[in-house]
Each structure stands twice: as C-alpha cells, then as structure tokens.
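Results of the structural survey
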Amino acid sequence: MELDKMDENDWKYHGEGNKSLVVSHLQHCRVLRLLKFPSEDSAHTRQTAEQAFRHILNIVDYSKYVMKPLLGEKYVHSGEVVKLPLDFVRQLSLKVQQERPELRCDKVMDTFSGCGLCLPNLTQLPLHHLRDHRPPICVEIKLANGKWKRLSRYCPLDLFSGSKQRMYVALKNLLEEPQNNLKIFKGGELIFSCKDDAKQQPELNDLIQHLRPYFSHSNGLYNGHQPGKAILNEFIQVICSALLSGGDSNRSGEPRKVHLSESRPHCEASPFPRDLLRNGNHGLPKDSVLAKILQVQMLDNLDIEGIYPLYKRVEQYLEEFPKERNRLQIDGPYNESFMDKVKNCPTEDDGSVEYAVGKVHQYRVAMTAKDCSVMITFAPCEEDEEQQLKLEKPRFTYSISILDLDPKPYEGIPHQYKLDTKIVNYYLRSTQAPPPSSLYKERQECTLLFHAV
Ligand SMILES: O=P(O)(O)O[C@@H]1[C@@H](OP(=O)(O)O)[C@H](OP(=O)(O)O)[C@H](O)[C@H](OP(=O)(O)O)[C@H]1OP(=O)(O)O
Ligand SMILES: Nc1ncnc2c1ncn2[C@@H]1O[C@H](COP(=O)(O)OP(=O)(O)OP(=O)(O)O)[C@@H](O)[C@H]1O
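Bear in mind the structure is a predicted one, so any value in this text is a computation, not a measurement. (Residues numbered from 1 in each chain as written. Chains lettered and ligands numbered in written order. Predicted model: local features only at pLDDT ≥ 70, side-chain atom pairs only at ≥ 80, totals over all residues. Heavy atoms only, no water.)

Here's the deal with the site of ligand 1
Lining the immediate environment of ligand 1, one finds N18, K19, R104, K142, G146, K147, N180, D371, K408, H415, Q416 and L419. Note that an oxygen atom of ligand 1 is positioned 3.1 Å from one of the side-chain N or O atoms of K19. Take K408: an N or O atom from its side chain is 2.7 Å from an oxygen atom of ligand 1. Alone, ligand 1 offers 600 Å² of accessible surface; in the complex the protein occludes 78% of this. (Near = heavy atom within 4 Å. Polar contact = N/O pair within 3.5 Å; in protein donor to acceptor, adjacent residues only side chain to side chain. Areas by Shrake-Rupley, 256 points an atom, 1.4 Å probe, with all protein chains shown as cover.)

Here it is in structure tokens:
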C-alpha cells in the first residue's frame, strides 16, 4: 500500500463500532480502522493531529505489549499506525457516509488528523482463493451482552462452558437473536447481522442458502431432518470445534482445561435445561481462544464496587501529586513496565497508591477482554476425490483472531460505577427490594464476571 497514492475508490465501507469505522481494500486483504468522535464535539475539543497519533499508537502498544502476551501471539493482530493524506480521508468519509447505519451516525469519522490503523482483513484467508472457488466464511462473535430492546436467550456462560452441547445452544441462540453479538461474512462481505435496533431480524433461510455450497454433502443424508436445519447444525459444529481447538490437540494425553466458576453456571435467560447444566461444565482446553480470553477476564478479582474506592484513592493521590500520573502510567505508555504493574500487583491491600493503581490497571485489562470480539474465518480445504464423491464430511482450514482490544479509559471507571448503580436500582425497583445482603448476591449471579476456581 503506497500511502502517497491512496485512492478512496480502492476502499469500501466494511463496518463500525462505538468508536471506530473500518474500510476494507477492494483487492488486498487489508483494512483501515479510523477513529470516530461525537458529532456535537466543537472543533476546540477535537484531538490535535499529534494527540490522535498518540491515541492510535497507544492502541497498537496496548495490543502488542499487554493483550498479545496475555492472549497469545497467534490470536492478536496489532496492526500499524499509518499517516494518511487528508484529502483521501475526507473523500473516503463522504463515500462511506451513505452506507453507515443510522444508529452509529451520532459520531463522525476523524477527518482531521490523517491517522489510522492498518490491519489484516481478518474476514479473509490470505491466498485462499488460489485453492478453492468458495470464498471464506467468517463468524464474528462479540462476547459481551449489549443494551438492546429485546431479551436475548444467548448466554455467554454456555459459550464459555466447554461443553459442546451448551456451546451449541449458545450459538443457536446467537443465530436466532444476533443483536450486536454476531456477524457473518462471506468473502469479506457482511451477509448476516442485526441492523439498527434489532427491528428486523436477519433471515436464517438466506444464511442457509449462503452456506449450502459449503455443506453440500448434508443434502439428503439426514433422514427426517430439514436439509436447512442439517446445514445450520454442521455450521454450528464447525464454529464449536474451532472455538475448542488449541495448541494441545496433537499432543498425547488429556489437554488441560480452564473452568468457569461453579457458583455461576449459567445466565437466567439461557434456555438450557437446568438438570443438564449440572453435568455441563466441561472446561475449555487450555490453549483455546475462549480459555485465553476467560483467563484475562478473570484478572480482575474485584468488581466495580471494589474498584471504585481504589480509583478514588488514585484520584486523591493525583490531586496532591499531579506529576505522578506519568510514573503510574495512568494514560500509558502501554509498555513492558505497564504490564509489570498489571502482573505484579500486590495481592493484599497495603493502603498504597501502587496497590490501587495495580488493581485499576488489572480491572481495565479485564474489561477489554470482556468487550472483545472473536473472529473465526474458515474455508473448505482443497477438494479431494473423496469429498467430491461426497463420502466424507467437508474439511475446513481456519484461522481465529481476537479483535477490539483497545485500552478502556481510566476515566471510564466512574461511568461503569454509575451504570452498575443504575442496574442495581432497576433491579431493586423491579423485584420489590429484597434485603441488601441477598440483593448483592443475586446481582452477582446475573453479571458476567468470572472467577478462578
Ligand atoms: O459501557 P456500555 O455498557 O455502554 O458498553 C459499550 C458497548 O455498548 P453495549 O453495552 O454493548 O450496548 C459498546 O458496544 P457497541 O459498539 O455499541 O455494540 C462498546 O463495546 C463500548 O466499548 P468502547 O467504548 O467502544 O470501547 C462499550 O463501552 P465500555 O465497555 O467502554 O463501557
Ligand atoms: N482487522 C479486521 N478485519 C476485518 N474486519 C474488522 C477488523 N477490525 C474490525 N473489523 C470489523 O469492523 C467492526 C468494527 O470494528 P471494531 O470492533 O474495532 O470497532 P469499535 O468501534 O472498536 O467497536 P466497539 O463498539 O465494540 O468498541 C468489527 O465489528 C468488525 O466487523
């Protein structure tokens, strides 16, 4: 990619989240991730080009020096900061505007700094097109449950259970109510997702038609089943197998497992039968992508109610010693020394600011892991004779990546605390106020925090 010869016609709208917009290259397996900011922001509150550059550099450093060592080299792609011609960025912003969902238009793309992040396009498999005519399928799962108007039956605890049965149910529920948790791409094009506000559900039948060529052996082999159902069944099984795969699969002996806490075995919304849940906590293979994410989510052993007083301790200290902000790495840099503070935080509270900062850093890292997405991209292996005769189940080549691993801002902690209080108050109102001690226990049952066993 020659940065001085950038042409907006080589790029197209790919997707966006709360804080960035992504465009993909028409020929190369690359995407550009561009930051967004609230449209009502007046010019003077916008970041300067230098601040924007620092911001994106922080995102890359955090991915490289914090998340990659924690989650594993093979799953994390940090990308590189690029300086783009302003004219290109402005033209691009105009070009993609009409593709943007209304829900996301409260923010505008940064067309002032010229800074962006260049990453591999993870919805594609590089060089795959040389071997098979069928384009790769990519499934993106966002692990957190968002704020939508309809109740979802998707339970992340089922997904993280390690039990194929429970994972199957979680994925099936995601397909039925994808909300902001599931997107499916084919050849890099979005073919299945929930549009604005979930007013309109995506069509499972359309998805089945897209998937049919990948599971063609299923046609007619399942007596008494709808062929479409059989295709979805196999599709879910491919995703489950990928999610459970890890570096240990070829070694002899049982791979080591990571378990969810027994005290919180499922979400209330999960339709999974309770009696089966008792035998359902199989644990995740140690090197599987979900086990890696779970371990980072568990880094925070204090929830927001435990963290908030420590945040206040840090705030008080910084009021007295503002210059200490840099040494404590409140806003980065995210380097080995930051990682050291995360890993070597004292286990007991000795009343120090170091303890408070260590816990706050750990909390922020765990928050990133709770809000990330997993992308599973798979494509048929070369068609061999047996497969052509449709005697064997299809075989797939796949890659798994974790994305959206940005640092969660230190300033976000009061917002999290407020949100938490709002949830508690809502719960209190809707359940006619049980005694506070039992309330706390109940509320914990409904959150998605995981604890080591
Ligand atoms: O704080 P919330 O509950 O609004 O969560 C935000 C998510 O909203 P949701 O609850 O999924 O509807 C929000 O999700 P969406 O993009 O709206 O699907 C983001 O994940 C956001 O993270 P960030 O600010 O982009 O780093 C999330 O923000 P933080 O995790 O930084 O708080
Ligand atoms: N490297 C990539 N390859 C392919 N698609 C990508 C890549 N990075 C992001 N995307 C797509 O763009 C979408 C938005 O990107 P991303 O999740 O980074 O935005 P965000 O604003 O940080 O999201 P969130 O609201 O979750 O914080 C993703 O959901 C994904 O579909």
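Considering the pattern of salt bridges
Opposite charge on two side chains permits them to pair, given that their charged atoms come into close proximity. Counted under the stated rule, the structure contains 20 salt bridges. Across the salt bridge formed by K36 and E16, the nearest N and O atoms sit 2.7 Å from each other. With K36 in strand β3 (residues 30–38) and E16 in strand β1 (residues 11–16), this residue pair connects regions lying 20 residues apart in the sequence. Exposure remark for K36: the relative accessible area of 9% places this residue in the buried category. Measuring nitrogen to oxygen at the nearest pair gives 3.3 Å for the salt bridge that ties K19 to D406. In this pair, K19 sits in the loop between β1 and β2 (20–25) while D406 sits in the loop between β13 (396–403) and α14 (412–430), placing the two residues 387 residues apart along the sequence. (Salt bridge = Lys/Arg side-chain N within 4 Å of Asp/Glu carboxyl O. Helix = DSSP H or I, 4+ residues; strand = E, 2+ residues; numbered from the N terminus. Buried < 20%, exposed > 50% of the residue type's maximum accessible area, 1.4 Å probe, protein only.)

Description of α14
For α14, with 19 residues, the first-to-last C-alpha span of 27 Å sits near the 27 Å given by 1.5 Å per residue. The complete set of buried residues in α14 reads G412, I413, D420, V424 and Y427. Down the axis of α14, the sector holding all buried residues measures 120°, keeping them to one side. Facing away from the buried surface of α14 by more than 90 degrees, the exposed residues are K418, K422, Y426 and R429. (Expected span 1.5 Å × (residues − 1). Arc of directions from axis to C-beta.)

Notes on empty space enclosed by the protein
Under the defined criterion, the tally for this structure stands at one cavity of 30 Å³ or more. Considered as a void within the structure, the largest cavity measures approximately 30 Å³ in volume. Lining of the largest cavity is provided by S20, R33, L34, L35, I56, I59 and L117. Broken down by secondary-structure element, the contributors of at least two residues to the lining of the largest cavity are β3 and α1 (49–71). Broken down by element, the residue count for the lining of the largest cavity peaks at three residues, all from β3. Among the residues making up the lining of the largest cavity, the classes are represented as five nonpolar, one polar and one charged. (1 Å grid on protein atoms, 1.4 Å probe; cavity = no way out; pocket = protein on both sides within 12 Å on 5 of 7 lines; lining within 4 Å. Points joined across faces, edges and corners; volume = space filled by probe spheres on them. Nonpolar A, V, L, I, M, F, W, Y, C, P; charged D, E, K, R; others polar.)

Focus: the site of ligand 2
Around ligand 2, the structure places 21 residues, and the nearest of them are N18, K19, S20, E140 and D404. In the model, a nitrogen atom of ligand 2 is placed 2.9 Å from a nitrogen or oxygen of the H14 side chain. The backbone of K19 places a nitrogen or oxygen atom 2.8 Å from an oxygen atom of ligand 2. If ligand 2 stood free it would expose 610 Å²; the protein chains cover 95% of that surface. Among the secondary structure elements, those contributing two or more residues to the shell around ligand 2 are β1, β2, β3, β6 (115–120), β7 (137–142) and β8 (182–186).

Digging into the environment of C105
Tracing the chain through its elements places C105 in the loop between α2 (86–97) and β5 (107–109). You can call C105 partly exposed: its relative accessible area is 28%. On a C-alpha basis, the gap between C105 and S337 in space is 38 Å, while along the polypeptide they are 232 residues apart. Look past the residues within four positions of C105 in its chain and what remains in contact with it is S39, Q97 and R100. (Contact = heavy atoms within 4.5 Å.)

With respect to the pairing of strand β12 (residues 373–380)
Counted residue by residue, β12 has eight buried out of eight residues, so it is predominantly covered. Judged from the six bridges that link them, β7 and β12 form a sheet pairing that is antiparallel. The partner of V139 across the bridge, within β12, is I376. In this sheet, β13 lies alongside β12 in antiparallel orientation, the contact comprising eight bridges. Opposite A379, over in β13, you have T397 as the bridge partner. (Pairing = 2+ DSSP bridges.)

Examining the side chain of S288
Note that S288 resides in the loop between β11 (284–285) and α8 (289–297). S288 gets classed as buried once you look at its relative accessible area, which sits at 0%. Reaching out from S288, the side chain makes a polar contact with the backbone oxygen of P285 at a distance of 2.7 Å. Sequence-distant contacts of S288, defined by excluding residues within four places in its chain, comprise Y75, L243, L244, S245 and G246.

Notes on the nonpolar core
Formed by 58 residues in total, the largest nonpolar core has its most connected members in I141, L159, F235, L243 and I293. Counting only domains with at least three residues in this core, you end up with domain 1 (3–120) and domain 2 (122–453). The residues touching I141, leaving out its near neighbours within four places in the chain, are Y154, L159, L171, L174, N181, L182, I239, L243, C372, S373, V374 and I376. Ranked by size, the runner-up nonpolar core spans 19 residues in total, among them Y308, C345, V353 and Y355. (Core = buried A, V, L, I, M, F, W, Y, C linked by side-chain atoms within 4.5 Å. Domains from an automatic or database assignment.)

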